[in-house]
Amino acid sequence: QVQFVESGGGSVQAGGSLRLSCVASGIFSINVMGWYRQAPGKQRELVATINPDGRINYADHVKGRFTISRDNAKNTVDLQMNSLKPEDTAVYYCKADHYELGSKFTSWGQGTQVTVSS
């Protein structure tokens, strides 16, 4: 059974920092891991992804402020968020693409709320 434990969300003032962490369990072959977010009334959008070999992709709106990292041995992916803005307020979701018995699956965490006040 695939499970995610996300942590690190919370409330912070503009300019502050938060670090999100996600631990995946029940998965044996993870490919891309990443973070997405969904603000009220908006569609879920990419924040950042990271491949097993360390290749990273950031959304333009977080470049230079957010840093994604992963530990392949521990199946964890973290997101360091600096210089937070009110528009970063959203529920942040951990995502993992993984393979089981030759088939590709995508699994999501339950989400963690990030609120940035001005």
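Structural data are supplied above this passage.
Reference entry: report on the structure contained in this document. (Residues numbered from 1 in each chain as written. Predicted model: local features only at pLDDT ≥ 70, side-chain atom pairs only at ≥ 80, totals over all residues. Heavy atoms only, no water.)

### A look at the state of the cysteines
Covalent bonding between the sulfur atoms of two cysteines is what defines a disulfide.
Next up, step 1: Under the criterion given, the structure shown has one disulfide.
Next up, step 2: Bridging C22 to C94, the disulfide has an S-S length of 2.2 Å. Judged by the sign of its S-S torsion, about -80 degrees, the cystine formed by C22 and C94 is left-handed. Here C94 lies in strand β9 (residues 90-100) and C22 lies in strand β3 (residues 18-25), a separation of 72 residues in the sequence. Grouping residues by exposure puts C22 and C94 together as buried. (Disulfide = S-S within 2.5 Å. Helix = DSSP H or I, 4+ residues; strand = E, 2+ residues; numbered from the N terminus. Buried < 20%, exposed > 50% of the residue type's maximum accessible area, 1.4 Å probe, protein only.)

### With respect to the nonpolar core
Next up, step 1: In terms of nonpolar packing, the biggest core is built from 29 residues, with W35, L79, M81 and Y92 touching the most fellow members.
Next up, step 2: Those elements that provide at least two residues to this core are β3, β4 (30-38), β5 (45-50), β7 (66-71), β8 (76-81), β9 and β11 (112-117). (Core = buried A, V, L, I, M, F, W, Y, C linked by side-chain atoms within 4.5 Å.)

### Description of the packing of aromatic side chains
Next up, step 1: A full pass over the atoms with the stated rule returns two aromatic pairs.
Next up, step 2: Seen from their ring centres, Y36 and W108 are 5.1 Å apart, and the 70 degrees between their planes marks the pair as edge-to-face. Of this pair, Y36 sits in strand β4 while W108 sits in strand β10 (residues 103-108), and the two are 72 residues apart along the sequence.
Next up, step 3: Looking at Y36, the relative accessible area reads 16%, which means it is buried.
Next up, step 4: Taking 6.5 Å as the distance between ring centres and 85 degrees as the angle between the ring planes, the aromatic pair formed by Y93 and W108 counts as edge-to-face. Of this pair, Y93 sits in strand β9 while W108 sits in strand β10, and the two are 15 residues apart along the sequence.
Next up, step 5: Linked through ring pairs, Y36, Y93 and W108 together constitute an aromatic cluster.
Next up, step 6: The residue whose ring lies beneath R44 is Y93, and the NZ or CZ to ring-centre distance is 3.7 Å.
Next up, step 7: In this structure, R44 is placed above the aromatic ring of W108, and the distance from its NZ or CZ to the ring centre is 4.6 Å. (Phe/Tyr/Trp six-rings, centres within 6.5 Å; stacked < 30°, edge-to-face > 60°. Lys NZ or Arg CZ within 6 Å of the ring centre and 35° of its normal.)

### Notes on the pairing of β4
Next up, step 1: Of all the nine residues making up β4, seven are buried; the element is thus mostly covered by neighbouring parts of the structure.
Next up, step 2: As defined by bridge partners, β4 adjoins β9 across seven bridges and the pair is classed as antiparallel. The partner of R37 across the bridge, within β9, is Y92.
Next up, step 3: Sheet analysis places β4 next to β5, joined by five bridges and oriented antiparallel. Within β5, the position partnered with Y36 by the bridge is L46.
Next up, step 4: Hairpin remark: β4 followed by β5, antiparallel, with six residues in the connecting loop; positive phi at G41, about 75 degrees. (Pairing = 2+ DSSP bridges.)

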